[in-house]
Amino acid sequence: MFFVSIASQGSTKLILQMQKMALAGIRVLEIAGLAPAPFCGMILADFGAKVVKVDRTRTSMTVDVQARGKRSIALNLKTSEGATILKKLCSQSDVLIEPFRKGVMEKLGLGPEKILQENPKLIYARLTGFGQSGPYAEAAGHDINYLAISGLLSKLGRQGENPYAPANLLADFAGGGLLCAVGIVMALFERSRSDKGQVIDANMVEGAAYIGSFLWKSQNLGLWNRPRGQNLLDSGAPFYETYKTSDGKFMAVGALEPQFYEELIKGLQLDSLKLPSQMSFSDWPEMKKIMAETFSKKTQAEWCKIFEGTDACVTPVLSLDEVSSHPHNKERGSFITDCQGEISPRPAPLLLRTPATPSLTRDPFIGEHTESVLREYGFSKEEIAKFQAAGIIECNRAKANL
Ligand SMILES: C[C@H](CCC[C@@H](C)[C@H]1CC[C@H]2[C@@H]3[C@H](O)C[C@@H]4C[C@H](O)CC[C@]4(C)[C@H]3C[C@H](O)[C@]12C)C(=O)SCCNC(=O)CCNC(=O)[C@H](O)C(C)(C)COP(=O)(O)OP(=O)(O)OC[C@H]1O[C@@H](n2cnc3c(N)ncnc32)[C@H](O)[C@@H]1OP(=O)(O)O
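Residues numbered from 1 in each chain as written. Predicted model: local features only at pLDDT ≥ 70, side-chain atom pairs only at ≥ 80, totals over all residues. Heavy atoms only, no water.

(A) Molecular detail of the overall build of the chain. Across its full length, the chain carries 15 helices and 14 strands. Counting only C-alpha atoms, the chain reaches 85 × 70 × 45 Å along its principal axes. The buried share of the chain, taken over its 402 residues, is 44%. Within the chain, counting contacts between residues at least 6 apart in sequence, those at least 24 apart form 63% of the total. Within the structure as shown, the chain displays about 22,100 Å² of accessible surface, and the carbon and sulfur contribution to it stands at 56%. Each charge class in the chain was averaged separately, 46 positive and 43 negative side chains, and the resulting centres sit 5 Å apart. (Helix = DSSP H or I, 4+ residues; strand = E, 2+ residues; numbered from the N terminus. Buried < 20%, exposed > 50% of the residue type's maximum accessible area, 1.4 Å probe, protein only. Contact = heavy atoms within 4.5 Å. Areas by Shrake-Rupley, 256 points an atom, 1.4 Å probe, with all protein chains shown as cover. Lys, Arg positive; Asp, Glu negative; His and termini not counted. Charge placed at Lys NZ, Arg CZ, Asp CG, Glu CD.)

Shown next, in the form of structure tokens:
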């Protein structure tokens, strides 16, 4: 983001000042992976880091939808020259993110011992499912498996139904990509004192479990001691639920505290004297029926009008198409539109003095920046031509010009 400031000291001077984002100047290498590592890299890029994605060669189509603000190089790491190129990139970078299961980087000769020897200041972030040790370390897996081993999955789902994974949000993105980014930022902060890098063993089992700390820590409060789907916050309580409206949409109700619950009952025009007390567990199923019946009688818009300006903790369940035009989100600019008209969430949190300024241009093609990145890291034109001829790298300039 550029600011123009005008200083008058006899004559008017125009000073173009580049605003520094939080991670400006940090150089990140992200080896292309499935979902969590790309998210981690995107967070760093959104907040100003220069992120280079290391893609495979001979891959024309990318399924990476989280390449915002990154550059892409296509490099065959299975050749010794390719591995040497990566080592040289690492020697001039601050962070490496690798998304493979245990042992893959070592097989390529790119394990942390070797890489950190050459650049002891590097933050070497390993983002796996099961971590770098333990019987599952080398096993394949996906979000649902990590969530299962973390213990969280056993708690998720409605009464009488099988455990249910909420898309791949919890392990892949919250426990994986996001916590890996937090680890990287903490390691960078620590490096500013010690002048030393370190290895990060970020993994989705422990990450998801950590995200769920509240579940463990709140067990003594009696919040989770009933079977799945019958507790206060897991769809057991009638006042913490979603309800269908007459137009097939939904309202979300989160009226936990008694004073907010009272407002909910008022808005629903129910007679509190004829209802059981809020915390009568045995009456919850019946209360749910009453509330479901009541919500089904009006449209979502009608309920929004009724609850607007109240503390009943009742909100519409918005679709992805609706969120950016909702008055609250609209006023705050919570969603951004890129140059291709695609809407996505604005990076969070909002750092008020140095906010993230996400790229609004299209994502890179695979290998679009191979040449420019390698030049930037000190490779000569001749070396690049040689690597290209040998199939060690790919420079996809033609596509870049489309
Ligand atoms: C639930 C989510 C996953 C959501 C992702 C989905 C969106 C996509 C998953 C499958 C996709 C579909 C599929 O690909 C088929 C179609 C393809 C088409 O092009 C598009 C449509 C598709 C239908 C496509 C659509 C979608 O994209 C999908 C449905 C998750 O949970 S993600 C989290 C996964 N877990 C982790 O990330 C934890 C750590 N990683 C791992 O455990 C493993 O990486 C993993 C994920 C189990 C994959 O195992 P895999 O054996 O494939 O890989 P690795 O063991 O890690 O080894 C990688 C090998 O590749 C070599 N290599 C890597 N880079 C290079 C390079 N630049 N040059 C040369 N070689 C390279 C590396 O050396 C390894 O080689 P070896 O095997 O010989 O050691």
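Next, the rest of the story.
(B) Structural detail: the sheet that holds strand 3 (residues 27-31). With mixed pairing, 7 strands are arranged side by side in an open sheet as 8-7-6-3-4-5-14. This sheet does not close on itself; its edge strands, each paired only once, are strand 8 (198-203) and strand 14 (393-394). As defined by bridge partners, strand 6 (residues 95-98) adjoins strand 7 (residues 123-128) across 4 bridges and the pair is classed as parallel. Bridge assignment links Glu 98 to a residue of strand 7, and that residue is Arg 126. (Pairing = 2+ DSSP bridges.)

(C) How the structure looks around the site of the ligand. Surveying the vicinity of the ligand reveals 27 residues, the closest of which are Lys 78, Arg 101, Lys 107, Asp 143 and Asp 172. Interatomic distance of 2.8 Å between a backbone N/O atom of Asp 143 and an oxygen atom of the ligand. Interatomic distance of 2.9 Å between a side-chain N/O atom of Asp 172 and an oxygen atom of the ligand. Alone, the ligand offers 1,500 Å² of accessible surface; in the complex the protein occludes 61% of this. Listing elements by their share of the shell around the ligand, those giving two or more residues are helix 3 (104-107), strand 7 and helix 5 (143-150). Broken down by class, the residue content of the shell around the ligand amounts to 14 nonpolar, 6 polar and 7 charged. (Near = heavy atom within 4 Å. Polar contact = N/O pair within 3.5 Å; in protein donor to acceptor, adjacent residues only side chain to side chain. Nonpolar A, V, L, I, M, F, W, Y, C, P; charged D, E, K, R; others polar.)

(D) How the structure looks around the packing of helix 9 (residues 258-267) against helix 11 (residues 300-307). The N-to-C vectors of helix 9 and helix 11 enclose an angle of 130°; their axes lie 10 Å apart at closest approach. In terms of axis orientation, helix 9 runs oblique to helix 11. Crossing handedness for the pair helix 9 and helix 11: right-handed. Residue-level inspection shows Glu 263, Leu 264 and Gly 267 of helix 9 in contact with helix 11, the latter providing Trp 303, Ile 306 and Phe 307. (Axes fitted to C-alpha atoms, helices over the stretch in contact; angles between N-to-C directions. Parallel < 35°, antiparallel > 145°, perpendicular 65-115°, else oblique. Left-handed = near helix turned anticlockwise from the far one by under 90°.)

(E) Geometry of the pattern of salt bridges. As enumerated under the stated definition, the model contains 18 salt bridges in all. Taking the shortest distance from any N to any O, the salt bridge between Arg 191 and Asp 94 comes out at 2.9 Å. Taken as a pair, Arg 191 in helix 6 (residues 169-194) and Asp 94 in the loop between helix 2 (80-91) and strand 6 lie far apart in primary sequence, 97 residues in all. Accessibility assignment for this pair places Arg 191 and Asp 94 in one class, buried. Note that Lys 288 and Glu 241 form a salt bridge whose closest N and O atoms lie 2.7 Å from each other. Of the two residues, Lys 288 is situated in helix 10 (residues 284-295) and Glu 241 in strand 9 (residues 240-244); the sequence distance between them amounts to 47 residues. Of the two residues examined, Lys 288 and Glu 241, each falls in the buried class. (Salt bridge = Lys/Arg side-chain N within 4 Å of Asp/Glu carboxyl O.)

(F) Main features of the environment of Leu 122. Structurally, Leu 122 is set in the loop between helix 4 (112-118) and strand 7. A relative accessible area of 0% places Leu 122 in the buried class. For Leu 122 and Lys 196, which are 74 residues apart along the polypeptide, the C-alpha to C-alpha distance reads 7.5 Å. Those residues in contact with Leu 122 that lie beyond four places of it in its chain are Cys 90, Ser 93, Asp 94, Val 95, Leu 96, Ile 115, Leu 116, Gly 197 and Gln 198.

(G) Up close: the packing of helix 1 (residues 36-46) against helix 6. Where helix 1 contacts helix 6, the axes come no closer than 8 Å and their chain directions differ by 45°. With respect to their mutual orientation, helix 1 and helix 6 come out oblique. Remark: the crossing between helix 1 and helix 6 carries right-handed chirality. Counting all contacts with helix 1, which are made through Pro 36, Phe 39, Cys 40, Ile 43 and Leu 44, the residues of helix 6 involved are Asp 172, Phe 173, Gly 177, Leu 178, Cys 180, Ala 181, Ile 184 and Val 185. Among the residues making up the contact of helix 1 with helix 6, the classes are represented as 11 nonpolar, 1 polar and 1 charged.

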